[in-house]
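Observations on chain architecture
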Protein chains: 2
Amino acid sequence: MAHLPSLQHPGFNAGVPMPTFHSSERTEQALALSEAFCRARGARLTPIRRRVLELLHSAQKPLGAYDLVELLGSQGHRMAPITIYRALDFLIEQGLAHRLASRNAYIASSSLTGARTTTAVLICEVCGDVSEVASPDVAETVTKVLREQGYQPRSRILEITGRCSHCRDDH
Amino acid sequence: MAHLPSLQHPGFNAGVPMPTFHSSERTEQALALSEAFCRARGARLTPIRRRVLELLHSAQKPLGAYDLVELLGSQGHRMAPITIYRALDFLIEQGLAHRLASRNAYIASSSLTGARTTTAVLICEVCGDVSEVASPDVAETVTKVLREQGYQPRSRILEITGRCSHCRDDH
DNA sequence: TCACATAGGTTATAACACTACATATTTGAA
DNA sequence: TTCAAATATGTAGTGTTATAACCTATGTGA
């Protein structure tokens, strides 16, 4: 194994960005936007948090907290689960990531709308594929129901299960 | 499927003690309906499954699997967690109960519509209060989104987080 | 520069869920 | 009626996910 960048003793808010692995351009772009987003809100996207977010963006599927422990561990200092959970808590708080409760897994948010919007996530029950859709209709209907019931709207994520177009019965 | 009468939801309230050992009339009614429902479908509502369902109906809040282990254990022979999980699997399969993934907890279904409908569950993020609402609008919108995305609709439960009328900011 | 808030490290454990296999009970067809 | 198959439960152990408690390091601002 070649020399790998280490996350050991990273320092906080280091001026120089961490070197990263095979991040796609799209991922880089998302990270740049996230950084600007956090800076604007006075939130600190530290190296660990940034790295977790990067992995979530790079992954083609939802990642479990312990997947992240493995991934990060294989690239340097192995972190305790609690460290990952704390990073995830931050990212979710900022609306940069979502927790998929039905799968005990986490995904990067596909848009930087902040934490207070309704997001629908379609989960294929066959292949596990996940796609985030912005549906004003669903958001609106949900808001209406919340209001009718006297509920105060909050950031929320709708996990909707079905079979994706590739896994349908009729294919 | 025959249209079965809907059970009135009690309206879960915060700070209520754990369920009693004596079933309310409402619970008895729900169990009688569930029995008929299962009989009609050739499903076996065994004593264990019936007891779990009874506890879920009696409870004023979602119960965790291990809550059920405790409750059942305190009333007789202590069962292994797997026994509870198997009973829950059955109840969910039949649409008699729902799993709230976001809370790792289970509730009795408030209506006997079977497992293949869209149900919305409102969860108060402050007091943990849960109420199940039948919203044709939400169900319809969700179905539409699924169709637009090429997803094949499936049984699903929407967990919607907010603040209930008692826990709103403006109170 | 120093007090305070925030981020992360370390160790341990809590909480939730299931595997594998044995035994018991029910069902339905011969 | 009988018996093989399917279903339901018992038992022991393990896997997986998430957090508690306490400490150290770093960033922030008066």
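Look up a bit, the structure's there.
Figured I'd write up the structure that's included with this text. Just so it is clear, the structure is predicted and the values come from calculations on it, not from any experiment. (Residues numbered from 1 in each chain as written. Chains lettered and ligands numbered in written order. Predicted model: local features only at pLDDT ≥ 70, side-chain atom pairs only at ≥ 80, totals over all residues. Heavy atoms only, no water.)

A closer look at the nonpolar core
To keep things clear, this is the line we draw: Nonpolar cores are built from buried Ala, Val, Leu, Ile, Met, Phe, Trp, Tyr and Cys residues. Side-chain atoms within 4.5 Å join them into one set. Remark: exposure states derive from per-residue accessible area (1.4 Å probe, protein chains only) relative to the maximum for the residue type, with buried under 20%, exposed over 50%, and partly exposed in between. What makes two residues a contact is simply this: any of their non-hydrogen atoms within 4.5 Å.
Judged by nonpolar contacts, the single largest core of 27 residues is most densely connected at Val52(B), Leu56(B), Leu68(B), Ile84(B), Leu88(B) and Leu91(B). With near-sequence residues (within four places) excluded, Leu88(B) lies in contact with Val52(B), Leu56(B), Ala65(B), Leu68(B) and Tyr106(B). By size, the runner-up hydrophobic cluster in this structure holds 26 residues, among which are Ala120(A), Val133(A), Val138(B) and Ile160(B).

Quick look at the interface of chain B and chain A
How large an interface is tends to be reported as the accessible area lost when its parts come together. Rules: Put simply, buried area is the surface a 1.4 Å probe can reach on two separate parts but cannot reach once they are joined, added for both. Salt bridges are identified by distance alone: a Lys or Arg side-chain nitrogen within 4 Å of an Asp or Glu carboxyl oxygen. In protein, a polar contact means a hydrogen-donor-capable atom and an acceptor-capable atom, both N or O and within 3.5 Å, with residues adjacent in sequence counting only if both atoms are side-chain atoms; elsewhere, any N or O pair within 3.5 Å suffices. A run of H or I in DSSP counts as a helix once it spans at least four residues, and a run of E counts as a strand once it spans at least two, with each numbered from the N terminus. Note on residue classes: Ala, Val, Leu, Ile, Met, Phe, Trp, Tyr, Cys and Pro are nonpolar, Asp, Glu, Lys and Arg are charged, and everything else, Gly too, is polar.
Every contact between the two is made by 35 residues of chain B and, on the other side, 37 residues of chain A. Carbon and sulfur atoms make up 56% of the area that chain B and chain A hide from each other, which totals about 3000 Å². Counting across the interface, chain B meets chain A through two salt bridges. Remark: the boundary between chain B and chain A carries nine residue pairs in polar contact (both at pLDDT 80 or more). For the side of chain B that touches chain A, the secondary structure elements donating two or more residues are strand S3 (118–124), strand S4 (130–133), helix H5 (136–148) and strand S6 (156–163) of chain B. The element that contributes the greatest number of residues to the side of chain B that touches chain A is S6(B), accounting for eight residues. Per-class residue counts for the side of chain B that touches chain A are 14 nonpolar, ten polar and eleven charged.

A look at the sheet that holds strand S4 (residues 130–133) of chain A
Applicable threshold: If DSSP finds at least two bridges between two strands, the strands pair.
The strand order across the open sheet built from four strands is S4(A)-S3(A)-S6(A)-S5(B), with neighbouring strands paired in mixed fashion. Two strands lie at the open edges of the sheet, namely S4 of chain A together with strand S5 (152–153) of chain B, each paired on one side alone. Two elements, strand S3 (residues 118–124) of chain A and strand S6 (residues 156–163) of chain A, share seven bridges in a ladder whose sense is parallel. Looking at S6(A), one finds that Thr118(A) is bridged to Arg156(A).

What to know about the sheet that holds S4(B)
In plain terms, the rule: Fitting a line to C-alpha atoms yields each axis, with helices limited to the stretch in contact; the angle taken between N-to-C directions then spans 0 to 180 degrees.
The sheet built from four strands is open, its strands ordered S5(A)-S6(B)-S3(B)-S4(B) with mixed pairing. Each edge of the sheet is formed by a strand with only one pairing partner; in this case those strands are strand S5 (152–153) of chain A together with S4 of chain B. Taken strand by strand, H5(B) contacts S3 and S6 of chain B, and its axis lies near 120 degrees from that of S6(B).

Topic: unusual backbone geometry
All names here are of chain A. The phi dihedral of asparagine 104 is positive, around 50 degrees, even though this residue is not glycine. Note that asparagine 104 resides in the loop between strand S1 (97–100) and strand S2 (105–108). Among the residues examined, asparagine 104 registers a relative accessible area of 45% and is labelled partly exposed.

These values are about where atoms sit, not about what they do.
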